[in-house]
Amino acid sequence: MKTLVKWIADGTPWVWLNAAAVSASILLVVGLLLLIGVRGMAHFWPLAVQKIVYQQVDGSELILAGQIREKEKVTAKRLRESGLEVAQGSEFVTRYLLKTGNRDILGQDFRWILEPSIKSVNKPLSMVVFEREEWGVFIGMLIGVREAGELLDNRDTWGAFQQNLDHANRLRDEISDLEKNRIGSVNYRIERLRLKQRGLEIKGRDTAENLAKIESARVLLQEEYELLEQELGELYTRLRRDAVLVNTVDGQEIELPMSSIVYAYQPNQMHLGGKIGHFFHNVWRFVADDPREANTEGGIFPAIFGTVLMVLLMSVFVTPLGVVAAVYLKEYARQGLFTRFIRIAVNNLAGVPSIVYGVFGLGFFVYTLGGSLDRLFFQEALPAPTFGTGGLFWASLTLALLTLPVVIVSTEEGLSRIPRSIREGSLALGATKWETLWRTVLPMASPGIMTGLILAVARAAGEVAPLMLVGVVKLAPALPLDGNAPFLHLDRKFMHLGFHIYDVGFQSPNVEAARPLVYATALLLVVVIVLLNLVAIQVRNRLSERYRGLES
Amino acid sequence: MNSAPKTGPAKIAVRSDSFHRWRAHKDKIASRIIGLGGLVVIAAVLLILFYLLYVVTPLFLPAKTSQASLVGNKDWLKNETVFLSLEEQQQVAFRINRSGLAEFFNLDGLHLLESTQIGSDGQHVALAAGDQGESGLVAVAFEDGRVGLLQNHYSTDFSEGVELRRIVPKLDFPYGTDQRVLMPEGGITGLVLSDNESEMLLAAAGSGGRVRLERNLKQENFLSGEIELESSVKSLDVDFDIAAITISDDHRWLYLGDADGRVHFVNTNTLQVVQIVPVSDAGISSMSMLLGGISVLVGDTRGNITQLFPVRDVDNQYSLQVIRRFEGHQEAIARIIPEQRRKGFMTVDEGGKLSIYHSTAGRVVLQQQLASGAPSALALAPRASGLLMLYDDGHAEFMDIDNEHPEVSFASLWSKVWYENYFEPEYVWQSSASSNEFEPKFSLTPLAFGTLKAALYAMLFALPLALMGAAYTAYFMSPALRRMVKPTIEIMAALPTVILGFLAGLWFAPFLEENLAGVMSMMLVMPIGLLLFAWFWTRSSWRVKDLVKEGWEPVLLLPVLAVLAIVSIEFVGPLQDLFFEGDLRTWLSREAGISYDQRNALVVGCAMGFAVIPTIFSIAEDAIYGVPKSLSDGSLALGATPWQSLVRVILPTASPGMFSAVMIGLGRAVGETMIVLMATGNTPIMDWNLFEGMRTLAANIAVEMPESAMNSSHYRILFLAALVLFLFTFVVNTGAELIRQRLREKYSSL
């Protein structure tokens, strides 16, 4: 007992509690990363399709097929309170969330089923999961392929189906290329003609001659469009030629047009190697495909593209500005109260809430500057705003302003690690201040600059609040970079990974379907940011090691 | 051996003088550009503050008027004006004079555009009343007690191009040109017209306390599409002289003002005086309804103005209550003119003093003495941007009014306001609704409260973990482990708050709801379990103990804490059956009256605490680590245990650094947007309840800013919220930075 009292009086329990605080923090971080990792990767893993014979409340039997997404234990009391009959004697009941798909037939694509009511479960090998353009996933069994109305008689229906699907996917790619690129280009040029005409009207130069020129150009474009439309029509006819005949698990025969099917697989037949291959294939599709079905299915390529483009543009703004400001503060400005005040201001700006930057970006950049730009240069398009609304340019500028303090502080830190002796030596040898800076100091400080840039990029990839106000959208019809002059459209709205997480998670029409996608996107974002930060930490560590010897 | 060079001395390239001049030139250019660039960047950084101030300042600027300028002097204006109105572009005005002429005239030059005789020869107009809204419907009461209805409206003619736009006035008789016999005996002293979708209502007050109410139910004829009226007239006789009469927009309540300063509240269905409210001890001289037809404004002969509206109590009974009073006039109120699109109003007294008020803000916006005295007729432009005044001697004056943000005052932003249709004064944030007649409720108090609540709960979660963790890492931890822990915490800091927010909203909130008892019990189970484990570990003699060197305890505790957490949720949680009748949540709401939302302050506290922990941790850890080792060594040499040294010597020395860490963490918590947006219900309620949501300033900006009209009051108030956040974090961070600088100086001297 005395030792217990001494143990407490020594203060050792408190030390243990403090150690526990560290462990708790570590556990939280690791737990969070694991949670995102597991749930995110689960999105790509092909789940087996179960065929379940289910006893309903009224005694009738229901045959269901689907993938089990979640499992939870609920109290029997709660189920009874909600009206379901539960056999007496059990405290807890397990229930499963089954993704049945087939929303167009069943009305809903998820349902909860209670374990006690399951009469039998098995995994038929022939179950197929079809991913579609609309209505979500279809789960059923393949009967055959219909080409132009004729059912193909084939021993290997699966092989024939896959061949046909490949053909359809190729057609779909061609159609997409035709619609987005070639017809899109024609539309874009027609719109430019309209703006040109309007511009002439405003300036009062809409003479008959000028108008005739525009009209003849328009006629040419219209002809081009009609040819393309014909080609498109042909492609669509070919695409719509085929259909696939499937059976739902309870025996309904449905015909699915081949044009609506994107991908199909038989999960119950896959062995481990096949599943791993499917996993990586899914990861690739996630990263490279466009979203479907109101962002609840498909890939996130536009979001990745938008984030990368915006971050690049932001770097182009922030690096020179940040480095120049840091160099000025450190090398050129007289060190006194003024620079001290500026440094404090810059440090503080790193702590200002990001939404304030968004508000400033919206009010000053978008409305004031953008409105003026519109009135000066884009009058033809008015009242539709070009730069007077959020877009890529303003978003990059706003984030550049947001991450400027990070770059300035990091560059200053890099500059301050370089011992004075190096600068003095260079000056003693006759170099001017600029030459010292450009040839000696800045190259030595470049790791510091790079650290700042990497940290800035990591922050920009994850900041969402300011972007919500200055130009990010849920679904952008076109990428900001495309084949139409001027190729980089700074006024277009774009998609962003962080905002995509918010949008898909909280503003989605189908929360259950969207949830795995949110975890997958979050996993991607976390991986990118963690990697960037680890690189920055390594660079910084190496930098501090390298110059430790130089300091006397 | 002999290392003499075989060739001659190396040729040194001699650069020309001009090259060296070019070098010097480059240097100068570079320093200019860098100087300029640096200043530009610094200016850009300060621009944020100035731009915010620039947008917010107009909210607090006073309203202005221009000088009333003489528009003209016309003889035909000498005939007394009974009704005057102005159209939207302030170019054409409409008046009805005593002889029954309805005239449209241009303001510019006072050109008469159209003149129509309403009523027959010799019929003189007693008074006219316009409909409350913008329909342009006017009821004209003649001296013989008949009433005619007409409608004035305007169309724009662009036939000659946009620049030469013309306003074309038109006079219509949508209810026919026949006059209604409203008061056969004549002697109409007060008239009210109210036209809504289902009914057109005329109410007239006559001398001797007579009131006539004509209700015309509108019925659309299915075949012809025309509107047919089903009329019914009711009478009410009161025993006082009616000084003023007005009616609510829903046609339920009739208000009668008498010469003793009392307002009679009459139910139009039963035509019973339900309540008599004494408003002042002087007689009532003017009454008007406010936009929306809910509040009634009463002006008396002493110059006081009172606002009343019916308040419902718990039994669904309405009673008319005095809400606010407005001062500023000393003479009898001649007219009260409500604004057509806002909850503001204008008053003119008999001495010619003009005041503009706003009802919700409860303040007087402008007061001015009209140079020419009280006009005989007044019309306020629909946008409340101009005032037309006609005088008896036939001259007309026009005054521009610049009154952009009357609804904002310190009281309306921060104190309790009694809004229309509310039981009592409350703090409400409700910035917009679907109709124009909505009373915008801009109280920042619920938002500021929400911000503080979120930040407080976050700090409550974060401070113990961060500060205790920092103390251990800086003082007790082995250097090797510290080199691994610090990057992990930096990674924690780098995690985007979007991810924390979505996990909080989509995973943690449902999890907490299901396992509330288990999670709450963690607060007890973990410390107690941990201490028990620590005691047994210290006392035991397991071989494993040798593997865990000093300073590596956190690694040992990782599995221990994980096990304790699982035990807490899986085993202790279900114990709630014993104590809380099966479900903690229902027990809380039933017994303790604490309601439970799925996304609540506890979820936000944990998520935001997670976001803030690394910030506080790194700064505090730096501060404690920076304390010179000599202090700690001295303390230990004198016999103190490590813990005693930490608490009595190290922490007090490092306390400024820890304090600044807490301040920076608080600043971060206050400004956090995404976590709050996703993990709370975003309801602007004021309640300290841990299990209910809130709305913070930052989340409010994110939600409402994209839909706010540029430069409107709402827009500027959102900027004000951003400015408040900016200043708060700026002040807090500067304070923390100054403290840290002082600390660094102190350490260097130790």
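Structure: see above.
The rules behind the values
Each chain has its residues counted from 1, following the order in which its sequence is written. Going through the entries in the order they are written, you letter the chains from A and number the ligands from 1. Totals for whole chains, interfaces and linings use all residues, but because this is a predicted model, local features are given only for residues with pLDDT of at least 70 and pairs of side-chain atoms are given and counted only at 80 or more. Only heavy atoms go into the side-chain values, all of them from the structure, while hydrogens and water stay out. Where helices and strands are cited, they refer to DSSP runs of H or I of at least four residues and of E of at least two residues respectively, numbered from the N terminus. Contact between two residues is taken to exist if any of their heavy atoms lie within 4.5 Å; hydrogens are not considered. Throughout, buried area stands for the accessible area (probe radius 1.4 Å) lost by two parts on being put together, summed over both. Basic side-chain nitrogens of Lys or Arg form a salt bridge, by our definition, when they fall within 4 Å of a carboxyl oxygen of Asp or Glu. By the criterion applied in these results, polar contacts are pairs of N or O atoms within 3.5 Å in which, for protein atoms, one can donate a hydrogen and the other can accept it, and in which residues neighboring in sequence qualify only through two side-chain atoms. By the convention used here, strands pair only if DSSP detects at least 2 bridges between them. To define axes, lines are fitted to C-alpha atoms, for helices over the stretch in contact only, and angles between the resulting N-to-C directions are given on a 0 to 180 degree scale. Between buried and exposed lies partly exposed: a residue is buried under 20% and exposed over 50% of the maximum accessible area for its type, with that area taken using a 1.4 Å probe on protein chains only.

Draft legend 1. Representation of the environment of Glu-115 of chain A. Residues and elements named next belong to chain A. Assignment of secondary structure puts Glu-115 in the loop between β4 (110-114) and β5 (118-122). Considered as a pair, Glu-115 and Gln-163 are 48 residues apart in the sequence and their alpha carbons are 40 Å apart. Look past the residues within four positions of Glu-115 in its chain and what remains in contact with it is Thr-94, Arg-95 and Tyr-96.

Draft legend 2. Highlighting the interface of chain A and chain B. If you look at the interface, chain A gives 89 residues, while chain B gives 94 residues. A buried area of about 8,400 Å², summed over both sides, lies between chain A and chain B, and 80% of it is on carbon and sulfur atoms. Per-residue buried area on chain A facing chain B is highest for Trp-16, Asn-18 and Phe-506 of chain A; these three make up 9% of the total on that side. Put simply, chain A and chain B have 1 salt bridge between them. The shortest N-O distance in the salt bridge between Arg-23 of chain B and Glu-435 of chain A comes to 2.7 Å. Across the chain A-chain B interface, the total number found is 9 residue pairs in polar contact (both at pLDDT 80 or more). Ranked by residue count, the leading element in the side of chain A that touches chain B is helix α2 (residues 12-42) of chain A, at 22 residues.

Draft legend 3. Local environment of the sheet that holds strand β21 (residues 296-300) of chain B. Residues and elements named next belong to chain B. Taken in spatial order, the 4 strands of this open sheet run β20-β21-β22-β23, and their pairing is antiparallel. The open sheet has two edge strands, β20 (284-289) and β23 (318-326), and neither has a second partner. Ignoring strand direction, the axes of neighbouring strands in this sheet form an average angle of 25°.

Draft legend 4. Broad picture of the side chain of Ser-288 of chain B. For Ser-288 of chain B, the location among the structural elements is in strand β20. In contact with Ser-288 of chain B, other than residues within four places in its own chain, are Ser-295, Val-296, Leu-297, Ile-336 and Pro-338 of chain B.

Draft legend 5. Structural context of the pattern of salt bridges. Residues and elements named next belong to chain A. Scanning all chains against the criterion turns up 53 salt bridges over all chains. Two residues, Glu-131 and Arg-285, come together in a salt bridge whose shortest N-O distance is 3.0 Å. On the criterion of sequence distance, the pair formed by Glu-131 in strand β6 (residues 127-132) and Arg-285 in helix α7 (residues 272-288) is long-range, its members being 154 residues apart. Across this residue pair, the class does not change: Glu-131 and Arg-285 are buried. Across the pair Arg-189 and Glu-224 runs a salt bridge, and its minimum N-O distance is 3.3 Å. Taken together, the residues span a long stretch of sequence, with Arg-189 in helix α5 (residues 157-203) and Glu-224 in helix α6 (residues 208-239) at a distance of 35 residues. Arg-189 gets classed as partly exposed once you look at its relative accessible area, which sits at 36%. Residue Glu-224 is classed as partly exposed on the basis of its relative accessible area, which comes to 32%. Overlapping salt bridges, with partners in common, bring together Glu-131, Arg-285, Arg-292 and Glu-297 in one network.

Function cannot be inferred from these measures alone, as they are strictly geometric.
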